[in-house]
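Examining the three-dimensional arrangement
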Amino acid sequence: MTKQEFRQKIKGYYKTDDVVNYILCIVFILIGLFFLIKFLQGQLSQKGTLLNPWSLLVSAIPILFGIYGLWRIRQDYIVNEMYSNASIDTKRVTVEDYLSKVKILYQSKDGNYYSYRYRNKYFMIVDLRVYLAVDKILYNTMGGDRSALKGIIDFGLSYRASKKFQRHLNACL
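Okay, so let's go over this structure.

Parameters at a glance
Residues numbered from 1 in each chain as written. Predicted model: local features only at pLDDT ≥ 70, side-chain atom pairs only at ≥ 80, totals over all residues. Heavy atoms only, no water. Helix = DSSP H or I, 4+ residues; strand = E, 2+ residues; numbered from the N terminus. Buried < 20%, exposed > 50% of the residue type's maximum accessible area, 1.4 Å probe, protein only. Contact = heavy atoms within 4.5 Å. Core = buried A, V, L, I, M, F, W, Y, C linked by side-chain atoms within 4.5 Å. Patch = residues over 30% accessible without salt bridge, like charges linked within 9 Å, V, L, I, M, F, W, Y side chains within 5 Å. Areas by Shrake-Rupley, 256 points an atom, 1.4 Å probe, with all protein chains shown as cover. Salt bridge = Lys/Arg side-chain N within 4 Å of Asp/Glu carboxyl O. Lys, Arg positive; Asp, Glu negative; His and termini not counted. Charge placed at Lys NZ, Arg CZ, Asp CG, Glu CD. Pairing = 2+ DSSP bridges. Expected span 1.5 Å × (residues − 1). Arc of directions from axis to C-beta. Phe/Tyr/Trp six-rings, centres within 6.5 Å; stacked < 30°, edge-to-face > 60°.

Attention now moves to the environment of aspartate 135. Along the chain, aspartate 135 falls in the loop between β4 (125–132) and β5 (136–143). Since its relative accessible area comes to 37%, aspartate 135 is described here as partly exposed. It is 5.8 Å that separates the C-alpha atoms of aspartate 135 and tyrosine 83, two residues lying 52 residues apart in sequence. In this view, aspartate 135 contacts Met82, Tyr83, Ser84 and Lys91; residues no more than four positions away in its chain are not counted.

Okay, here's the thing in structure tokens:
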């Protein structure tokens, strides 16, 4: 399995969630633009008045939130790759050793593709997907939600979980 095939397999689970998130982000941007236009129209009609920074802030927050959301949706599908000549069984044992330190809520296996949902030490839910190949390991981490939907904001959870898993793989393989 290539990185692109792995990414497409992950995206398959969240197609409707991504559409909803894209629509929400665009709506936030449009709301922010609406307030920005109203603000600018008010400033142009009242020449000589001082600029009200709070009105500008009201329009900037939804625009920034929408832009962040558009950027963040793509970040959930980053596929990390680690090359290793260890056997697939050794790689599987290494992954299971990493997961022995957390509480696994769900796991599934499809050939050499493994999907796990676990709770980390701060009680945050993380989705870990791993593909074990002969010469490499492909993996993806994503912040999970209790309702099994994909959100936009994870406060760096995906990045931290990915780095922690990468450190474990580097130490063990």
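On to the nonpolar core, then. Core analysis: the biggest nonpolar cluster contains 18 residues, and Val95, Leu99, Tyr118, Leu128, Val130, Tyr139 and Phe165 have the highest contact counts within it. Look past the residues within four positions of leucine 128 in its chain and what remains in contact with it is Tyr98, Leu99, Tyr114, Ser115, Tyr116, Tyr118, Tyr139, Asn140, Thr141 and Phe165. Membership of the second largest hydrophobic core comes to 10 residues, among which are Tyr14, Val79, Tyr113 and Leu138.

Glancing now at a positive patch on the surface. A cluster of basic side chains, namely Lys101, Lys121, Lys163, Lys164 and Arg167, defines a positive patch on the protein surface. Following the sequence through the fold, lysine 163 ends up in helix α5 (residues 157–172).

Once that is clear, we can look at unusual backbone geometry. Phi angles above zero are rare outside glycine, and phenylalanine 155 is one such case at about 55°. When you line up the elements, phenylalanine 155 lands in the loop between β5 and α5.

Buried residues dominate β4, accounting for eight of its eight residues. Here β4 shows a buried face lined by Ile125, Asp127, Arg129 and Tyr131 and a second buried face lined by Val126, Leu128, Val130 and Leu132. With seven bridges joining them, strand β3 (residues 113–119) and β4 adopt antiparallel strand pairing. Within β4, the residue paired with tyrosine 113 across the bridge is tyrosine 131. The antiparallel hairpin formed by β3 and β4 contains five residues in its connecting segment, where phenylalanine 123 sits at a positive phi of about 65°. Sheet topology note: the β4/β5 ladder contains seven bridges and is antiparallel.

End to end, helix α4 (residues 88–99) covers 17 Å across 12 residues, agreeing with the expected 16 Å (1.5 Å per residue, within 8%). Along α4, the positions that sit buried rather than exposed are Lys91, Thr94, Val95, Tyr98 and Leu99. Looking straight down α4, one finds that the buried residues subtend no more than 135° of arc, so they occupy a single side. Turning to α4, the residues buried within the fold contact β2 (103–110), β3, β4, β5 and α5.

Turning our eyes to something else, we now look at the packing of aromatic side chains. Two measures describe an aromatic ring pair: the distance that separates the ring centres and the angle between the ring planes. A complete count under the given rule lists nine aromatic pairs for this structure. Note on phenylalanine 6 and tyrosine 113: the rings are 5.9 Å apart at their centroids and 65° apart in plane angle, and the pair reads as edge-to-face. In this pair, phenylalanine 6 is assigned in helix α1 (residues 3–13) and tyrosine 113 in strand β3, connecting sequence segments 107 residues apart. The exposure classification of phenylalanine 6 matches that of tyrosine 113, with both residues buried. Their ring planes at 5° and their centres at 6.3 Å tell us that tyrosine 114 and tyrosine 116 sit as a pair that is stacked. By relative accessible area, tyrosine 114 is classed as buried at 7%.

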